[in-house]
Amino acid sequence: MPEDEIPWGGSRGRFPNPDTRRWMDAMAARGWTAPTWPRMYGGGGLDATRAAILQQELRRRGARPALFSFGLWMLGPVLLEYGSEAQKQRFLPPIVRGEARWCQGYSEPDAGSDLASLRTKAVDAGDHWRVDGRKIWTSYADEADWIFCLVRTDTGRKHGGISFLLIDMKSPGISTRPIRLISGSSPFCETFFDDVAVPKEHLVGPLNGGWEIARKLLQYERQNVAAAGFGGELKRIEARARQLFGIDAQGRIADAALRERIAHADMYEYATRLTMQRAQREVDAGQASSASSVVKYAAAHANQQHYELMIETLGYEGLGWQGAPYETESLEQTRKWLRSKGNSIEGGTSEINLNVIARRVLGLPGGA
Ligand SMILES: Cc1cc2nc3c(=O)[nH]c(=O)nc-3n(C[C@H](O)[C@H](O)[C@H](O)COP(=O)(O)OP(=O)(O)OC[C@H]3O[C@@H](n4cnc5c(N)ncnc54)[C@H](O)[C@@H]3O)c2cc1C
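What counts, and at which threshold
- Residues numbered from 1 in each chain as written.
- Predicted model: local features only at pLDDT ≥ 70, side-chain atom pairs only at ≥ 80, totals over all residues.
- Heavy atoms only, no water.
- UniProt positions renumbered as here; feature names shortened; annotations may be inferred.
- Buried < 20%, exposed > 50% of the residue type's maximum accessible area, 1.4 Å probe, protein only.
- Helix = DSSP H or I, 4+ residues; strand = E, 2+ residues; numbered from the N terminus.
- Pairing = 2+ DSSP bridges.
- Axes fitted to C-alpha atoms, helices over the stretch in contact; angles between N-to-C directions.
- Parallel < 35°, antiparallel > 145°, perpendicular 65-115°, else oblique.
- Left-handed = near helix turned anticlockwise from the far one by under 90°.
- Contact = heavy atoms within 4.5 Å.
- Nonpolar A, V, L, I, M, F, W, Y, C, P; charged D, E, K, R; others polar.

Per an unreviewed UniProt entry, the chain goes by Acyl-CoA dehydrogenase and derives from Solimonas terrae. Looking at the chain in UniProt, the text filed under Cofactor (unreviewed entry) is "FAD".

**Q** Is there a simple way to explain the pairing of strand β1 (residues 102-105) in this structure?
**A** The side chains of a regular strand alternate between the sheet's two faces. Side-chain alternation along β1 places Trp102 and Gln104 on one buried face and Cys103 and Gly105 on a second face that is also buried. Relative to strand β4 (residues 146-152), β1 runs parallel, the two being bridged by four bridges. Looking at the pairing, Gly105 lines up with Cys149 of β4.

**Q** In this structure, what is going on with the UniProt feature "domain: Acyl-CoA dehydrogenase/oxidase N-terminal" (unreviewed entry) in the chain? I would like to understand it.
**A** Under the feature "domain: Acyl-CoA dehydrogenase/oxidase N-terminal" (unreviewed entry), the UniProt entry names residues 13-99. Across residues 13-99, helical content stands at 57% and strand content at 0%; the span's end C-alpha atoms are separated by 8 Å.

**Q** What should I look at first to understand the packing of helix α3 (residues 70-82) against helix α4 (residues 85-96) in this one?
**A** When two helices pack together, their arrangement is given by the angle between their axes and by how far apart the axes lie. Packing of α3 against α4 brings their axes to within 10 Å, and their N-to-C directions diverge by 160°. In terms of their interaxial angle, α3 and α4 are classed as roughly antiparallel. Of the two elements, α3 crosses α4, and the hand of that crossing is left-handed. For the pair α3 and α4, contact is made by Gly71, Leu72, Leu75, Gly76, Leu79 and Leu80 and by Gln87, Lys88, Phe91, Leu92, Ile95 and Val96, respectively. A class-by-class count of the residues in the contact of α3 with α4 yields eight nonpolar, three polar and one charged.

Structure representation (structure tokens):
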């Protein structure tokens, strides 16, 4: 879906047309933007099987997703597990209805892969927290209503000194600055906290117990990053390859090496989809899926491989950057290719995911 047609919701939500809005509202009214969440928090109350059937039926009808939301994909599931009753009642229904848009305040200039080095601090000021620090790569911070944030509440302990805090983006002392990207558009921001007052009741889970929640949320993020963005255009790539390189006597793409790479990409994508289904079944069965790193790694690789092939088969058209005469469908593909570079970084880099797979999935000794 093109970026400007994505229904992100939120108080500043823009909809490309009235039908998109109507579709979101209709789905939210049934709780079907969050089909498996309990009805008491606005969700659909469906079990995993019924939720899967709902998704199948929506796909069969070619329905677009009604709502894109970090609240649905990341925050909601951890609030259901770790949030207080008051937090669930307050924060979950506006997520389901697409009224509150959330962003993720994890990364800092010196805390990316080594996230537990984060330094944004929250100090107990009696009836509230005072937050100071700086986050980076905060996607859509300038559009968000709220941010879920990792903050340091104990400087003496690394992982054990981190807490999970919910902060209203309208709070005095918060500012954002966009970061411009190579692909032209910029979803990223730096987010600054300058003596920001946060109510005590916005702490999720125990004080200094944020690391466990942060890791759980990353599992959901990795699965969603994987599911959201990979592949899907191999038929188009194949057609372009036939056009650009011609066909041999048996009607196959004439360039044997390219033909083999397209076949490889096809099989890789298929295997990745099956792995994703397995991971989803583990989640549906209530197990924290050990496959989230595998799926994230594989989907990132699949998507990058996919758009490398796309760019190659676009020929000279794939050189477009921006502006006429390149404002074409090819330019859209070039942007997707550039955007795919971030897939092996966002939600944990591929190297970090390989480390996780080595240690926690394969049980190999050593490693970082
Ligand atoms: C599209 C996109 C969206 C994002 N959205 C958000 C967001 O909304 N909120 C947010 O908080 N962050 C966001 N991020 C930031 C992202 O989480 C970090 O960029 C990522 O965790 C890597 O951190 P870093 O950039 O500091 O790189 P570094 O941690 O500095 O890593 C640099 C390189 O070193 C490698 N490396 C580091 N440590 C190891 C190790 N132990 N073993 C092997 N290799 C290692 C890494 O793999 C990488 O190649 C986003 C990033 C992208 C690309």
